[in-house]
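Residue-level structural notes
So you can see what is in the structure, the chains are spelled out below.
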Amino acid sequence: WSDFCDICINMTSNESTYGVITADVVNSTALSVQELEILLDRVKYEFDEAKNLTIQAQWVQRGDAFQILTDEPSRSLEVAMFLRSVVNLSIRSANQSISALPKTDLRMAIGLGTVTLHRSEISESTGPAFVRAGRALDKMKATSDRRFKIITGHEDIDKELDLTSHMMSAIFQRWSYASAEVLYWYLKGHQTQHEIATQLGITQSSVQRRWIDGSAP
């Protein structure tokens, strides 16, 4: 996480860098129209709520996919992890309306770079950041079962980040409900283990154990 932020800081010192998150719902065809709507509505709601705490960003949705543009690229990884935790919690929710959702996931790509045409509507904006995120997502869909990738357009940096993002992809896919719950509340603004423990009604040591379980490769 800190390495990613350092990379973003170095890039933004030389150019106007944006972060674009392009994502789609894995196994969306196994969901009914209503189930997909419930899932994406939950993701969009949490994005809007978390935006006030963590990031200034725009959202656009098309079918089973969505895209986020932010001028705070160092926060794009934070948002991706947060939304991933939201999906993890949604498919295991005790809420009867979504408890029966088939197991699904988010496939997410983060593209860093400039935006050459920045419109008020994100769907009308273009630039290298959009291209990188879109191509990375398409490549994952076509060639592998990876769920996460970061592309900057700088070959040496991308090689360094490829191993990191591959490891993060594996970690995301093995999150339990308990681990995702801790990360969800951490990224929502409860910064200490004590605050999270109070929110969840568990001990601080339980929070620490869940955190370790969710971050181990």
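Attention in this report is confined to the structure presented alongside it. (Residues numbered from 1 in each chain as written. Predicted model: local features only at pLDDT ≥ 70, side-chain atom pairs only at ≥ 80, totals over all residues. Heavy atoms only, no water.)

1. Focus on the overall build of the chain
A count of helical and extended segments in the chain gives eight helices and five strands. Starting at the N terminus and walking to the C terminus, you meet the elements of the chain as α-β-α-β-β-α-β-α-β-α-α-α-α. A buried classification covers 48% of the 217 residues belonging to the chain. Across the chain, contacts joining residues at least 24 apart in sequence account for 65% of those joining residues at least 6 apart. (Helix = DSSP H or I, 4+ residues; strand = E, 2+ residues; numbered from the N terminus. Buried < 20%, exposed > 50% of the residue type's maximum accessible area, 1.4 Å probe, protein only. Contact = heavy atoms within 4.5 Å.)

2. Describing the pattern of salt bridges
Under the criterion given, the structure shown has 12 salt bridges. Asp-162 is paired through a salt bridge with Lys-149; the nearest N and O atoms lie 2.5 Å apart. In this pair, Asp-162 sits in helix H5 (residues 155-173) while Lys-149 sits in strand S5 (residues 148-151), placing the two residues 13 residues apart along the sequence. Classification of Asp-162 as partly exposed rests on a relative accessible area of 29%. With relative accessibility at 14%, the residue Lys-149 sits in the buried group. Among the salt bridges present, the one from Lys-159 reaches Glu-155, with a minimum N-O distance of 3.7 Å. Of the two residues, Lys-159 and Glu-155 are both situated in helix H5; the distance of four residues between them amounts to about one turn of the helix. Summarising the burial analysis for this pair, Lys-159 and Glu-155 share the class exposed. (Salt bridge = Lys/Arg side-chain N within 4 Å of Asp/Glu carboxyl O.)

3. What to know about the packing of aromatic side chains
One pass over the structure, following the stated rule, counts seven aromatic pairs. Ring centres of Phe-47 and Trp-59 lie 5.4 Å apart, and the angle between their planes is 35°; this geometry places the pair in the tilted category. Residue Phe-47 is found in helix H2 (residues 33-54), and its partner Trp-59 is found in strand S2 (residues 57-62); the two are separated by 12 residues along the sequence. The pair Phe-47 / Trp-59 is uniform in exposure class, with both members buried. (Phe/Tyr/Trp six-rings, centres within 6.5 Å; stacked < 30°, edge-to-face > 60°.)

4. Things to note about helix H6 (residues 177-187)
In terms of burial, H6 is a largely internal element, eight of the 11 residues being buried. Listed as buried for H6 are Ser-179, Ala-180, Glu-181, Val-182, Leu-183, Tyr-184, Trp-185 and Leu-187. Looking one or two residues beyond H6, the residue adopting positive phi is Gly-189, at roughly 130°.

5. Examining the nonpolar core
With 44 residues, the main nonpolar core has Phe-66, Ile-68, Leu-83, Met-108, Ile-110 and Phe-148 as its most contacted residues. Among the elements that take part in this core, helix H3 (residues 76-90) stands out by supplying nine residues, more than any other. Setting aside anything within four residues of it in sequence, one finds Leu-83 in contact with Val-43, Phe-47, Phe-66, Ile-68, Leu-106 and Met-108. Formed by nine residues, the second largest nonpolar core is a distinct cluster that contains Val-20, Val-60, Leu-69 and Phe-130. (Core = buried A, V, L, I, M, F, W, Y, C linked by side-chain atoms within 4.5 Å.)

6. A few points about H3
In this model H3 runs 21 Å from its N-terminal to its C-terminal C-alpha over 15 residues, within 8% of the 21 Å that 1.5 Å per residue would give. Within H3, 15 of the 15 residues are buried, which leaves it mostly tucked inside the rest of the structure. (Expected span 1.5 Å × (residues − 1).)

7. A short note on the environment of Ser-125
Tracing the chain through its elements places Ser-125 in the loop between strand S4 (105-113) and helix H4 (128-143). By relative accessible area, which is 5% here, Ser-125 ends up buried. Distance in space between the C-alpha atoms of Ser-125 and Val-115 is 7.3 Å, their sequence separation being 10 residues.

8. Focus: unusual backbone geometry
Positive phi values are uncommon outside glycine, yet Asn-27 reaches one of about 65°. Examined against the element boundaries, Asn-27 turns out to sit in the loop between strand S1 (18-26) and H2.

Honestly, it's all geometry; don't read function into it.
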